Amino acid sequence: LPSRISAGIGEIIDGVDEDESEPESIVRVPMSRLILAGLLSGSTIWFLAIVAAVIVGIVLQPFWLIPALGASIPAAIGFGGYAIRQFIKTVRYSIAPTSAGVRITFGLLTTVTETLPPGRVHAVDIRQPILWRWGGWYRIRVNRLSGRSASDTSAVQLGDVLPIGTQADVERVLRLLLPSLPIDTALLDAGLRGPREGDGYTTSPRRARVVEPLAWRRNGIRVLPQAVLMRTGRLWPKLTILPLARLQSVRISQGPIDRRLGLAGITGHTVLGPVAGAVGALDHGDAYDLWNTVTEAAVAEASAESDARDAPAVEVEWG
């Protein structure tokens, strides 16, 4: 009896680890991919642009050598430091399912681990930097209900749930984050590489070329029973997924140029985070119909949620 009492007191003090085994990550990020992704990142483009501008300036005006070196050296240090921090942050990345939710771990010098409980994902976007097309890589960011303030840098850092991965990795992670959404290769292919004929997206009309000369063919929105899919961008393609039950408000907007062209845009509002769900340059009639469809579907989906704490009321705005 004394031994049992002692063991019980020890469990109260130390706690009981119900899951002692380390969950296996569903994504493996090779070191070579991390290095190449860092070299092909947007910061590299800006750094090379600055170096090219400095070289051209020195060639045209040699007396710019000293000011150019004075400006380029701090810039090189800044870009280099940023690249190193990003690399260190993404080393040892893992994402795995657990009984408490999705466990995300990353970091080399300081390991950060966070468990994302079910129902905390309010928005997801999958994007592809222009130079990552060579490797077919993508990044996933989310807006999550974390309890942190919008100014907390750790909240922004923890918005990256997949720092770099293939389309197959994206598919696995989305199935983990949004289990109610029917994720498959065709759905992702239409969202990330579309448009595709018969893909179900409502797209921009031809007259939208005035305001979206490159992306008007790709712009689109699709409403599923569980979520709204927004497809934007040509050079930097992005697919945004907004779970209907997590939408806080939906807005349809029309600026002066859009009004003359008969266009409008739709924005879905969620908790604050790195993901912004919006698509513009839609036909005004299509946008109005979609606005009604999304608001009605969001109210219905939120009402069907079993957890009332994760089902905020949906507001309707006109702007």
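As shown above, the structure is provided for reference.
Worth saying up front: this structure is predicted, and the values here are computed from it rather than measured. In every chain, residue numbers begin from 1 and rise along the written sequence. Local features in this predicted model are restricted to residues whose pLDDT is 70 or higher, and side-chain atom pairs enter the listing and the counts only when it is 80 or higher, whereas totals over whole chains, interfaces and linings include all residues. Note that the side-chain values use all heavy atoms of the structure and ignore hydrogens as well as water.

**Quick word on the sheet that holds strand E6 (residues 160–165)**
Line of reasoning, step 1. DSSP bridges decide pairing: two strands pair if at least two such bridges lie between them. Secondary structure follows DSSP: runs of H or I at least 4 residues long count as helices, runs of E at least 2 residues long count as strands, and numbering of each begins at the N terminus. Strand order in the open sheet made by the seven strands is E6-E5-E4-E10-E9-E8-E7, with antiparallel pairing throughout. Single-partner strands in this sheet number two, and they are E6 and strand E7 (202–203).
Line of reasoning, step 2. Two strands pair when backbone bridges link them, and strand E5 (residues 138–144) and E6 are joined in this way by three bridges, in the antiparallel orientation. Across the sheet, residue isoleucine 140 finds its bridge partner in E6, namely leucine 162.
Line of reasoning, step 3. The contact rule is simple, with two residues in contact once any of their heavy atoms fall within 4.5 Å. Where helices are involved, their axes are fitted lines through C-alpha atoms of the stretch in contact, as for all axes, and angles between N-to-C directions lie from 0 to 180°. On top of the sheet, helix H6 (residues 167–177) reaches strand E4 (121–127), E5, E6 and strand E10 (238–243); it is set at about 15° to E5, its chief contact.
Line of reasoning, step 4. On top of the sheet, helix H9 (residues 284–304) reaches E7, strand E8 (220–223) and strand E9 (227–232); it is set at about 30° to E8, its chief contact.

**Side note on a nonpolar patch on the surface**
Line of reasoning, step 1. Patches here: salt-bridge-free residues with over 30% relative accessible area, like charges joined within 9 Å, nonpolar side chains (Val, Leu, Ile, Met, Phe, Trp, Tyr) joined within 5 Å. Using a 1.4 Å probe, accessible areas were evaluated by the Shrake-Rupley method; residue-level cover was limited to the displayed protein chains. A pair is scored as a salt bridge if a Lys or Arg side-chain nitrogen falls within 4 Å of a carboxyl oxygen belonging to Asp or Glu. Taken together, the side chains of Met31, Ile35, Leu36, Leu39 and Trp134 make up a nonpolar region of the molecular surface, amounting to roughly 540 Å² of accessible area.
Line of reasoning, step 2. Here's how the labels work: a residue is buried when its accessible area is under 20% of the maximum for its type, exposed when over 50%, partly exposed in between, all with a 1.4 Å probe on protein chains only. Judged by relative accessible area, leucine 36 falls into the partly exposed class, the value being 33%.

**A few points about the side chain of asparagine 143**
Line of reasoning, step 1. As for its placement among the helices and strands, asparagine 143 is situated in strand E5.
Line of reasoning, step 2. Judged by relative accessible area, which is 1%, asparagine 143 ranks as buried.
Line of reasoning, step 3. We call two N or O atoms a polar contact when they sit within 3.5 Å, provided that within protein one can donate a hydrogen and the other can accept it, with sequence-adjacent residues counted only if both atoms are side-chain atoms. Among the polar contacts made by the side chain of asparagine 143, one reaches the main-chain carbonyl oxygen of valine 275 at a distance of 2.9 Å.
Line of reasoning, step 4. Filtering out sequence-adjacent residues up to four positions away, asparagine 143 remains in contact with Arg120, Val121, His122, Ala123, Thr270, Val271, Leu272, Gly273, Pro274 and Val275.

**Topic: the nonpolar core**
Line of reasoning, step 1. Judged by nonpolar contacts, the single largest core of 40 residues is most densely connected at Val124, Ile126, Ile140, Leu174, Leu177 and Ile241.
Line of reasoning, step 2. Sequence-distant contacts of isoleucine 241, defined by excluding residues within four places in its chain, comprise Ala123, Val124, Ile126, Leu174, Leu178, Leu181, Ala227, Val228 and Leu229.
Line of reasoning, step 3. Among the nonpolar cores identified, the runner-up in size contains 19 residues, and Ala123, Leu242, Leu244 and Leu282 belong to it. Residues enter a nonpolar core if they are buried and are Ala, Val, Leu, Ile, Met, Phe, Trp, Tyr or Cys, with the set joined through side-chain atoms within 4.5 Å.

Distances and angles like these do not, on their own, reveal function.
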